[in-house]
Amino acid sequence: MPDPDAVANTLPGALSAARRARDGAAVEGGEFDVVVVGGGVTGAGVALDAAARGLSVALLERADLAAGTSRWSSKLVHGGLRYLAHGELGLARESARERAVLMRTTAPHLVRPLAFLVPDAAGRDVSALAGLGGRLGDAVRLSVPGGRGSLPATRRVDGAEVARLVPAVRRGGGGVVFWDGQLADDARLVVALARTAAAFGARVLTGARVTGVDGAQVSVLLDGLEPVTLRAGAVVNATGVWAQQLSPRVRLAPSRGSHLVLPADRLGSPQAALTVPLPGSRSRYVFALPQPRGLVYLGITDEPVPGPVPDDDPVPGDGEIAQLLETVNRVLAAPLVPGDVVGAYAGLRPLVLPAGAGSGPGGATADLSRRHLLAWDGPVLTVTGGKLTTYRAMAEEAVDAVVERLGRGARRSPTARLPVVGAAPAVALSRVAAPARLVARYGTEAPAVAALGCEPVVEGRPETVGELRFAVLAEGARSVADLLDRRTRLGLVPAERERAVPVAEQVLADPR
Ligand SMILES: Cc1cc2nc3c(=O)[nH]c(=O)nc-3n(C[C@H](O)[C@H](O)[C@H](O)COP(=O)(O)OP(=O)(O)OC[C@H]3O[C@@H](n4cnc5c(N)ncnc54)[C@H](O)[C@@H]3O)c2cc1C
């Protein structure tokens, strides 16, 4: 095994224990151009944008990187088909543009093209409409920079192709296939963004809860114990669905989206995402999304969640589980049953209430726009809403506003041309000497991960002990949950998580 400390010292932006000690000391009583609150995709994106423009940055996250909504997404890099259905062309173009940036420049290793199958079994009118939507989406893709050649075109397929793509679909009839982007793992994108920000000099601290902002003074509770204060030129509130805690004037209508985790062989180990509309809807679909590790995630629901937002992880409701299974079963030869489900997860969308709306969404969060909000409240700029796909555009807009207010920092964001750590063009990735699964998660850093050990964490699963060691040495992991629920996603199947805990504890005690 290579010298583990060398791993931490040679990789750009490695979040090692030594770096954490330095960042902690710099934050206490320190002064920064920008303090970013929240280490989800939005906050990590803002920290990177600001640091890359030459501003001094502290990124403060109360729990762990990607502890919030950013790890509970469907892991899709959307071109915005759904926005087209709602007539929001601007939003669709922004999504298509950002998808191309992510796939080509920011993180080509983390995003792969994924086929979406809408079978005729869902209704000929349904597949015909999907074909139309897919072709409109293709036209939008071709109209944005980098879109041409990034994905195959929408097409009709015959019954044999349907059976090849998703063998579990009821026989008879063909279907329509359109294409979009799929992330290997949403949490890994967040970690890569935070590390890249760190490589540009940002101080990155997890376990750092911001408890208040008073003028330029930011109060922070470190690891739930130590109160410290720091000074900020501007504070960016990127706390997602919790944004109202720091900026009470922000008005959100959180909505829960749930996924079930199933063994891929229950759907015949699909090659495409099976796409079935919710009964009565023309723009909301249930997706069975194939994952690289022999699993399928079945999502997604949209349930308004009124009242204060709890800190704890949300869980899918019984009604949502039934809705997901019933919807997909409409097109399957053999129905899925609750006993097929090996895991489940849910996240809260930070949906922004439009100005002039009453106190709530009127029970229809599915119809709320996925536009983001950017609003100053004294020294605090809140940036929330939007999508994971458009995090970079949101971050750019937020930092434009900060630069304008501070009168410092580069006016133009460089992030559309900035790869994250581990990123490289597809040709270079194909030459990386490491297992393909590691390259798809760590890019050019995969050999460093492989060198730390290739033995599986849990027999029968592909995650390696080297990944756990790497997480501790270079990715700021500090607990079993950081290792199993965020740096790897072993925790998505509780039975596997249980078996992995002793190994994770051992690695935490001695990552060398
Ligand atoms: C079920 C579901 C599926 C989705 N699927 C997709 C998809 O496929 N594609 C897509 O593009 N988008 C998708 N989205 C949307 C996307 O996931 C979110 O828009 C995005 O992750 C929000 O990121 P964020 O950083 O703003 O919020 P979060 O990820 O929630 O980050 C906020 C962070 O702030 C921290 N925090 C809160 N309060 C404090 C404090 N006081 N001090 C310090 N830290 C604090 C939290 O711990 C958290 O880590 C989906 C959303 C849901 C719910």
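Everything that follows concerns the structure shown earlier in this document.
For clarity, every value in this text was computed on a predicted model and none was experimentally measured.

What counts and how
Residues numbered from 1 in each chain as written. Predicted model: local features only at pLDDT ≥ 70, side-chain atom pairs only at ≥ 80, totals over all residues. Heavy atoms only, no water. Helix = DSSP H or I, 4+ residues; strand = E, 2+ residues; numbered from the N terminus. Polar contact = N/O pair within 3.5 Å; in protein donor to acceptor, adjacent residues only side chain to side chain. Contact = heavy atoms within 4.5 Å. Core = buried A, V, L, I, M, F, W, Y, C linked by side-chain atoms within 4.5 Å. Buried < 20%, exposed > 50% of the residue type's maximum accessible area, 1.4 Å probe, protein only. Expected span 1.5 Å × (residues − 1). Near = heavy atom within 4 Å. Areas by Shrake-Rupley, 256 points an atom, 1.4 Å probe, with all protein chains shown as cover. Nonpolar A, V, L, I, M, F, W, Y, C, P; charged D, E, K, R; others polar. Axes fitted to C-alpha atoms, helices over the stretch in contact; angles between N-to-C directions. Parallel < 35°, antiparallel > 145°, perpendicular 65-115°, else oblique. Left-handed = near helix turned anticlockwise from the far one by under 90°. Pairing = 2+ DSSP bridges. Salt bridge = Lys/Arg side-chain N within 4 Å of Asp/Glu carboxyl O.

**As for the side chain of E463**
At step 1: When you line up the elements, E463 lands in the loop between α13 (446–451) and α14 (465–474).
At step 2: At 2.7 Å, the side chain of E463 and the side chain of R293 are in polar contact.
At step 3: Setting aside residues up to four positions removed in sequence, E463 forms contacts with R293, R437, E455, P456, V457, T488 and L490.

**Thoughts on the nonpolar core**
At step 1: The biggest cluster of nonpolar side chains holds 55 residues, and the ones touching the most others in it are V36, V46, L55, V57, L189, L193 and V402.
At step 2: Only β1 (31–37), α3 (41–52), β2 (57–60), α5 (89–106), α8 (186–199), β10 (226–237), β18 (380–385) and α10 (391–406) provide two or more residues apiece to this core.
At step 3: Sequence-distant contacts of L55, defined by excluding residues within four places in its chain, comprise D33, V34, A50, V399, V402, V403, L406, R408 and G409.
At step 4: Counting residues in hydrophobic clusters, the runner-up holds 40 residues, among them V166, L260, V276 and Y285.

**Observations regarding α8**
At step 1: Between its terminal C-alpha atoms α8 stretches 20 Å, which fits the 20 Å expected from 14 residues at 1.5 Å a residue.
At step 2: Two or three places before A187, at the opening of α8, D185 has a side-chain oxygen 3.0 Å from that residue's backbone nitrogen.

**A few points about the site of the ligand**
At step 1: For the ligand, the set of nearby residues contains 36 residues, the closest of which are T42, E61, S70, L76 and T389.
At step 2: At a separation of 2.6 Å, an oxygen atom of the ligand approaches a polar side-chain atom of T389.
At step 3: Burial of the ligand by the protein amounts to 98% of the accessible area it has alone, namely 1000 Å².
At step 4: For the shell around the ligand, the secondary-structure elements that each account for two or more residues are α3, β8 (208–214), β11 (255–263) and β16 (343–349).
At step 5: Taken together, the residues that form the shell around the ligand break down as 13 nonpolar, 17 polar and 6 charged.

**Structural notes on the packing of helix α15 (residues 480–487) against helix α16 (residues 494–509)**
At step 1: For the pair α15 and α16, interaxial distance at closest approach is 8 Å and the crossing angle is 125°. Considered as vectors, α15 and α16 are oriented oblique to each other. In the crossing of α15 with α16, the sense of the turn from one axis to the other is right-handed. The residues of α16 that touch α15, namely those facing V480, A481, L483, L484 and D485, are R497, A500, V501, A504, E505 and L508.
At step 2: Considered class by class, the residues forming the contact of α15 with α16 number 8 nonpolar, no polar and 3 charged.

**Observations concerning the pairing of β8**
At step 1: In terms of strand pairing, β8 meets strand β9 (residues 217–222) through 6 bridges, oriented antiparallel. Residue pairing across strands places V210 opposite V220, the latter belonging to β9.
At step 2: Hairpin connection of β8 to β9: 2 residues between the antiparallel strands, including G215 at a positive phi of 60°.

**Describing the packing of α3 against α10**
At step 1: Close contact between α3 and α10 brings their axes to 8 Å; oriented N to C, the two are set at 50°. Between α3 and α10, the angle is such that the two are oblique. As for how α3 packs across α10, the hand of that crossing is right-handed. Contacts between α3 and α10 involve V41, T42, G45, V46, D49 and A50 on the former and, on the latter, Y391, M394, A395, E396, A398 and V399.
At step 2: Of the residues contributing to the contact of α3 with α10, the split by class is 8 nonpolar, 2 polar and 2 charged.

**As for the pattern of salt bridges**
At step 1: Tallied over the full model, the rule gives 40 salt bridges.
At step 2: For R156, the salt bridge goes to D120, with nearest N and O atoms at 2.7 Å. One end of the pair, R156, is in strand β5 (residues 155–157); the other, D120, is in the loop between β4 (111–119) and α6 (124–143), with 36 residues separating them in the sequence.
At step 3: On the basis of relative accessibility, which here comes to 42%, the residue R156 falls in the partly exposed class.
At step 4: Given the relative accessible area of 11%, D120 is considered buried.
At step 5: Note that R249 is salt-bridged to D377, the shortest N-O span being 3.8 Å. You can see R249 sitting in the loop between β10 and β11 and its partner D377 sitting in strand β17 (residues 372–377), a full 128 residues away along the chain.
At step 6: Note on R249: relative accessible area 63%, which makes it exposed.
At step 7: Its relative accessible area of 23% is what places D377 among the partly exposed residues.
At step 8: Three or more residues are tied together by salt bridges with common partners; here these are K75, D185, D186, R437, R441, E467 and R489.

**A closer look at the pairing of β4**
At step 1: In terms of burial, β4 is largely enclosed, as 7 of its 9 residues are buried.
At step 2: Strand direction decides the pairing type here: β4 and strand β6 (residues 175–183), joined by 9 bridges, are antiparallel. Residue V118 lies in a different strand from β6, and its bridge partner there is V176.
At step 3: The sheet contact formed by β4 and strand β12 (residues 273–277) spans 2 bridges and is parallel. Across the sheet, residue F116 finds its bridge partner in β12, namely A273.

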